[in-house]
Amino acid sequence: MRTSFNIPDELVEEFDQAWRDEGIENRSRAVREAMQEFIESHARLEDVSGEVVALVGFDYRHHDVIRELHGAQHEFQDVILNTSHTHQGEWCLESLFCRGPAARVRELTYRLRDFDAVRRVKVMVIRE
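What comes next concerns the included structure.

**Some thoughts on the nonpolar core**
Then, number 1: Ranked by size, the top nonpolar core spans 24 residues in total, and within it Phe58, Tyr60, Leu69, Leu96, Cys98, Leu108 and Leu112 carry the most contacts.
Then, number 2: Of all the secondary structure elements, the ones that give two or more residues to this core are strand S1 (51-61), helix H3 (62-75), strand S3 (91-101), helix H4 (102-113) and strand S4 (118-127).
Then, number 3: Residue contributions to this core peak at 5 residues, all from S1.
Then, number 4: Leave out the neighbours within four places in its chain, and Leu112 touches Val56, Phe58, Leu69, Leu96, Val118 and Val121.

**Re the layout of surface pockets**
Then, number 1: Put simply, the largest pocket is a space of about 2300 Å³.
Then, number 2: Along the walls of the largest pocket sit 46 residues, with Ile7, Leu11, Phe15, Ala34 and Met35 positioned nearest its centre.
Then, number 3: The leading source of residues in the lining of the largest pocket is helix H2 (residues 27-47), at 14 residues.
Then, number 4: Here the lining of the largest pocket is built from residues that sort into 25 nonpolar, 5 polar and 16 charged.

Analysis parameters
- Within each chain, residue numbers correspond to sequence positions counted from 1 in written order.
- Only residues with pLDDT of at least 70 get local features here, since the model is predicted, and only at 80 or more are side-chain atom pairs given and counted; chain-wide, interface and lining totals rely on the full set of residues.
- Calculated side-chain values reflect all of the structure's heavy atoms, with hydrogen atoms and water omitted.
- By nonpolar core we mean a set of buried residues, namely Ala, Val, Leu, Ile, Met, Phe, Trp, Tyr and Cys, connected to one another through side-chain atoms within 4.5 Å.
- Burial classes: relative accessible area under 20% of the type maximum marks a residue as buried, over 50% as exposed, and values in between as partly exposed (1.4 Å probe, protein chains only).
- Where helices and strands are cited, they refer to DSSP runs of H or I of at least four residues and of E of at least two residues respectively, numbered from the N terminus.
- Any two residues whose heavy atoms approach within 4.5 Å at even a single point are treated as in contact.
- Two kinds of site are reported from a 1 Å grid over the protein atoms alone, namely cavities, where a 1.4 Å probe fits but cannot get out, and pockets, open sets with protein on both sides within 12 Å along at least five of seven lines, and residues are called lining when an atom falls within 4 Å of a point.
- Grid points are joined across faces, edges and corners, and a volume is the space filled by probe spheres set on the points.
- Three residue categories are used. Nonpolar comprises Ala, Val, Leu, Ile, Met, Phe, Trp, Tyr, Cys and Pro, charged comprises Asp, Glu, Lys and Arg, and polar comprises the others, including Gly.

Printed below as a string of structure tokens:
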């Protein structure tokens, strides 16, 4: 199937460099692998139930979203135990250490992904 996407040039450049560095034969193959990894990661998050301990890490453009992010974190203070924050130029890296129902941690993760200024959200889940 052929398809097209609207992706910022700098992201395509980084992606192209990454798949070339990994020795992948072409962009189409790299996109298929990236999509498969996304599906696997998403399925794992969806499959988790019960109480969990999780680390949710994300990076974001500070000045574009900080007030909204703080608001979202307050909405999920029932599962966020603590946070760690570091500045990397105009970007920030934040980690949230969570404990609680898997469904609630999943809801938090999806909420963070809703922000345009959040670039990536990664989750490491440990079942209790």
